Amino acid sequence: MPLYRFVWFSPAAIEWRLNSDSPAKRISAIRDIGYLPSVEGVLLDKLIHRMRNDESSDVRVATINALGQHGQKRALSDPTIAALSELILTAEDDVILSATIVAVGQSALYNQYREQVIDRIASVFNEQHAPWLYSRAISALGQLGAAQQLPEHVVAVVNALFTDPVRPGDREDVARAFSEMSKGRSLPLSTLTIIADALPTEPNHRIRGSIIYAIAYSAVYYPKSVAVLREALNSPDPNTVQAAEHALHIVRTSEMLADKDLLMLALDVSEPPKARLTAMRAIRGSHIDPAMYPAIVSLAADQETDIAVVAIGMFRRFAKSPTDDFESAVLIPAIKRAMTAPDPAIRHAAYGVLSRISRRLPSYVRAADLPAQIDIGMSDPDPKVRTVVLLMKIREASVDAERDSLIQRAITDPDPYVRRIAVGWLGTPTIQSARRHTFITQALQDNDHGVRVAAESALKRWNGRERPWPIKLWQMWQAGDVEKFWVSILIMVTVATPILIGGAFLLYFVARLLTYLQQRRWRAAGALGVVGIWGAASYGLFVLYFFAALAGDVQGAELAMLSGVLWGAIAAYTALGWGMHYLVRR
C-alpha cells in the first residue's frame, strides 16, 4: 500500500495522468496534486498549460481550483501568479473568470496581486455576468483587502455597493466581505463610518452581525466602536445582542493583549484571571517554543482551574519520550500531581492528556509510578475521570479476559454516564471483546433510557461495520447480485495469482542463490542475475497493475479486454519464471 501511494501520488504518475485523453482522469490527477508538498518544475508548467489551454472547461476549472487551494497555505511561484493574473485580465467565459477570482481570493493571504488585477475584479460589477459571479468577486475583494491595502477607488466601489446595492444580495455579501477584511487589516475610516451609521436601521440581522464584527476587529482605529457596539446591545433581536456581546469581548481581548508578552501575562497572578486565560488560549493556538515548556508546565498547578486545565491540555505537544530528561523530571511528575488534585476538572484533564499521549507513545502509561496512579483513577469519585481511565486501561489490556473484565466494570458502573459511554465503545471494532454481544444485550436491559439508546446505536454500528471479503461475497450472493459476485471473484483471483506466483519463484531463486553461495560455486553469479531479473519483472507487473487501476470502474467488453491483458501478462510472467528456473536448478 505505501508503494502504491508513493507511485500514485508521485509527480511522474500525476504528470502521466495529466496527459490522459480522458478529462475525468486529468481532473483526478489535478485533485491529487493536493497531496504534494509543492508544485514546481515540469509539473507546474503542465498545470499552467492546462489552466490556459485545456479543451475541457472542467479541467481548466479544476486546475485553477487546485492552484488556489495551494495558495491558501503557501506562496505561489511567480509563473503561477502571472498565469492567474493573466486569466483574470483576459478570461471571457464566466465559469473560468469566476474560478480564477475565487483562486485569487483564496491565495491572497500569502501572495500579493497587482493593482491591475484588483481593478479587474472590481470592474465586473459594471458588466453583465452570471448572477453568481458577483458574489464571488465581492468575497475575493474581502480576502484581498484582509491581506493588502485596496486602492481607494476600489474601496469606493465596494462602499457604493453597500449603500446602493445593484443586485439582490449585494449588501449582505459586501457586509460579509467587510467583516473578512477587518480580520486582517483595519477597514478604511470611510467604510467604518458608513457601516456604523447603517447599523441602527439595518433590517437584515445577518448584515447587522457582519457589521458588528467588522467594527469589532477594527475597533483600535475607530474611537466610536465601543459606543456603537454597546448601542447594539439594546436591539430587540437576540442574534444581534449575542453578536454585540461577542464583539465587545473581542475588543476587550484585543486591548488586553495589545503589546504584551503572552506567557508573561499568563504567569502574572496580579492580572485578572480572564486576561491570563485569554493569553493561555492564544499560546495554545500558536507555535510553542521549547523554552516555554517549563513555565507552561508550572501553570498546571495554578489556582485558577481553567488556566490549569488549558496548561495540562498542552502537555501532549511536549511529550516525545518518557525517558527524556525534561519529561521524566518535570512533565511526568506534573501529570501525576494533577491526577491527585482535589478539583475533578484538573484530574480529568490530567488523565485525559495521558490517554492522548499514550495513543502515540504507549510506553508513557508505564513511566515512573503512573501505573499505580492509573489504577487509583479507576475508582475516582468523578464519573468523567473513571470513564477516561477505564478506556485507557482497556486499550492497554493485552488479553481478552482482562479487557472484558474492564468492560464489565464499565457497563455496571453505578453512574449512567459511564455506562452510556462504555456501551458506545462496543459499537466499534477498535475495542476488542470476546463478550461483545453479551455486554450489549445487558445494556439493552439497563434501567437508564440513555444507556438503552446507546446500546441500540452500538449494535447498529457493529452490525453495519466493514466486513472481511468472504462475508462480503456471501452477502452479495444472498442479495442476488450474481454479476457483482463473479466480478469480485475475478478481481481477487487476478490480483492474488501473480502475488502467489511471484512469491513462489522468488523463494526458489533466493534458495538456490544461498545454496550456491554456501557451496562457493560460480553459479551463484547466475542465480544473482536471475533474482535481479525476477525482481525487475515483478516490478514491471506491478506497474502494469497500477496503470490498469487507472481504468476505473469498467464493465462488459472493457472489463473482458482488461482481464485478457492482465492474464496474458500473468502467463508471460509465469513462463519467464519457469524458464529461468532451468538456469539455477541443480
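## Focus on the overall build of the chain
Step number 1: Across its full length, the chain holds 32 helices and zero strands.
Step number 2: A total of 586 residues make up the chain; the buried ones form 46% of that total.
Step number 3: A fraction of 62% describes how many contacts in the chain between residues 6 or more apart in sequence connect residues 24 or more apart.
Step number 4: Summed over its atoms, the accessible surface of the chain is roughly 30,400 Å², and 58% of this surface lies on carbon and sulfur atoms.

## A few points about the packing of helix H23 (residues 370-377) against helix H24 (residues 383-396)
Step number 1: Following both chains from N to C, one finds H23 and H24 inclined at 130°, their axes separated by 8 Å at the closest point. What the angle tells us is that H23 and H24 run oblique. Crossing handedness for the pair H23 and H24: left-handed. Contact residues: H23 offers Ile374, Asp375 and Gly377, while H24 offers Val385, Arg386, Val389, Met392 and Lys393.
Step number 2: Taken together, the residues that form the contact of H23 with H24 break down as four nonpolar, one polar and three charged.

## Some remarks on helix H25 (residues 400-411)
Step number 1: Under the 1.5 Å per step criterion, the end-to-end length of H25 is 16 Å for 12 residues, consistent within 8% with the ideal 16 Å.
Step number 2: Turning to H25, its buried residues number three or more, namely Arg403, Asp404, Leu406, Ile407, Ala410 and Ile411. An end-on view of H25 places all buried positions within 160° of arc, on one side of the element.

## Some remarks on the nonpolar core
Step number 1: Formed by 79 residues in total, the largest nonpolar core has its most connected members in Ile121, Leu141, Leu144, Phe162, Phe178, Ile195 and Ile215.
Step number 2: Examining the composition of this core, we find that seven residues originate from one element, helix H9 (residues 131-147), more than from any other.
Step number 3: Beyond its immediate chain neighbours, meaning those up to four positions away, Ile215 contacts Leu192, Ile195, Ala196, Tyr222, Ser225, Val228 and Leu229.
Step number 4: Core analysis: the second largest hydrophobic core is formed by 71 residues, Ala338, Ala367, Leu390 and Ala397 among them.

## Things to note about a positive patch on the surface
Step number 1: Together, Arg281, Arg284, Arg316, Arg317 and Arg356 make up a positively charged patch on the protein surface.
Step number 2: Within the residue set of the positive patch, elements represented by two or more residues are helix H17 (273-284) and helix H20 (315-318).
Step number 3: Residue Arg284 is classed as partly exposed on the basis of its relative accessible area of 40%.

## With respect to the pattern of salt bridges
Step number 1: Applying the stated criterion across every chain, the model contains 19 salt bridges.
Step number 2: Between Glu86 and Arg52 there is a salt bridge whose closest N-O contact spans 2.8 Å. Here Glu86, found in helix H6 (residues 78-90), pairs with Arg52, found in helix H4 (residues 41-53); they are 34 residues apart in sequence, far enough to count as distant.
Step number 3: As a salt-bridge pair, Asp369 and Lys336 come within 2.4 Å of each other at their nearest N and O atoms.

## Let's talk about the packing of aromatic side chains
Step number 1: Here the structure, examined in full by the defined rule, presents 11 aromatic pairs.
Step number 2: Look at Trp578 and Tyr582: their rings are 6.0 Å apart centre to centre, the planes differ by 85°, and that puts the pair in the edge-to-face class. Residue Trp578 and its partner Tyr582 are located together in helix H32 (residues 556-584), separated by four residues, close to a single helical turn.
Step number 3: By way of ring pairs, the aromatic residues Phe505, Tyr508, Phe509, Trp534 and Tyr573 are connected into one cluster.
Step number 4: Over the ring of Trp462 we find Arg436; its NZ or CZ atom is 3.8 Å from the centre of that ring.

## Side note on the side chain of Arg436
Step number 1: Looking at the secondary structure, you find Arg436 in helix H27 (residues 436-444).
Step number 2: It turns out Arg436 is buried and unbridged, and the closest side chain with the opposite charge, Asp404, is 7.8 Å from it.
Step number 3: Leave out the neighbours within four places in its chain, and Arg436 touches Leu426, Thr428, Ile431 and Trp462.

## Here's the deal with helix H11 (residues 170-184)
Step number 1: Under the 1.5 Å per step criterion, the end-to-end length of H11 is 22 Å for 15 residues, consistent within 8% with the ideal 21 Å.
Step number 2: Asp170, Glu172, Asp173, Val174, Ala175, Ala177, Phe178, Ser179, Met181 and Ser182 are the residues of H11 that are buried.
Step number 3: The secondary structure elements touched by the buried residues of H11 are H9, helix H10 (152-163), helix H12 (189-198) and helix H13 (205-217).

## Comments concerning the side chain of Ser56
Step number 1: Tracing the chain through its elements places Ser56 in the loop between H4 and helix H5 (57-71).
Step number 2: At a separation of 3.3 Å, a polar atom in the side chain of Ser56 contacts the main-chain amide nitrogen of Asp58.
Step number 3: With residues near it in sequence (within four places) discarded, Ser56 still touches Pro23 and Arg26.

Criteria and cut-off values
Residues numbered from 1 in each chain as written. Predicted model: local features only at pLDDT ≥ 70, side-chain atom pairs only at ≥ 80, totals over all residues. Heavy atoms only, no water. Helix = DSSP H or I, 4+ residues; strand = E, 2+ residues; numbered from the N terminus. Buried < 20%, exposed > 50% of the residue type's maximum accessible area, 1.4 Å probe, protein only. Contact = heavy atoms within 4.5 Å. Areas by Shrake-Rupley, 256 points an atom, 1.4 Å probe, with all protein chains shown as cover. Axes fitted to C-alpha atoms, helices over the stretch in contact; angles between N-to-C directions. Parallel < 35°, antiparallel > 145°, perpendicular 65-115°, else oblique. Left-handed = near helix turned anticlockwise from the far one by under 90°. Nonpolar A, V, L, I, M, F, W, Y, C, P; charged D, E, K, R; others polar. Expected span 1.5 Å × (residues − 1). Arc of directions from axis to C-beta. Core = buried A, V, L, I, M, F, W, Y, C linked by side-chain atoms within 4.5 Å. Patch = residues over 30% accessible without salt bridge, like charges linked within 9 Å, V, L, I, M, F, W, Y side chains within 5 Å. Salt bridge = Lys/Arg side-chain N within 4 Å of Asp/Glu carboxyl O. Lys, Arg positive; Asp, Glu negative; His and termini not counted. Charge placed at Lys NZ, Arg CZ, Asp CG, Glu CD. Phe/Tyr/Trp six-rings, centres within 6.5 Å; stacked < 30°, edge-to-face > 60°. Lys NZ or Arg CZ within 6 Å of the ring centre and 35° of its normal. Polar contact = N/O pair within 3.5 Å; in protein donor to acceptor, adjacent residues only side chain to side chain.

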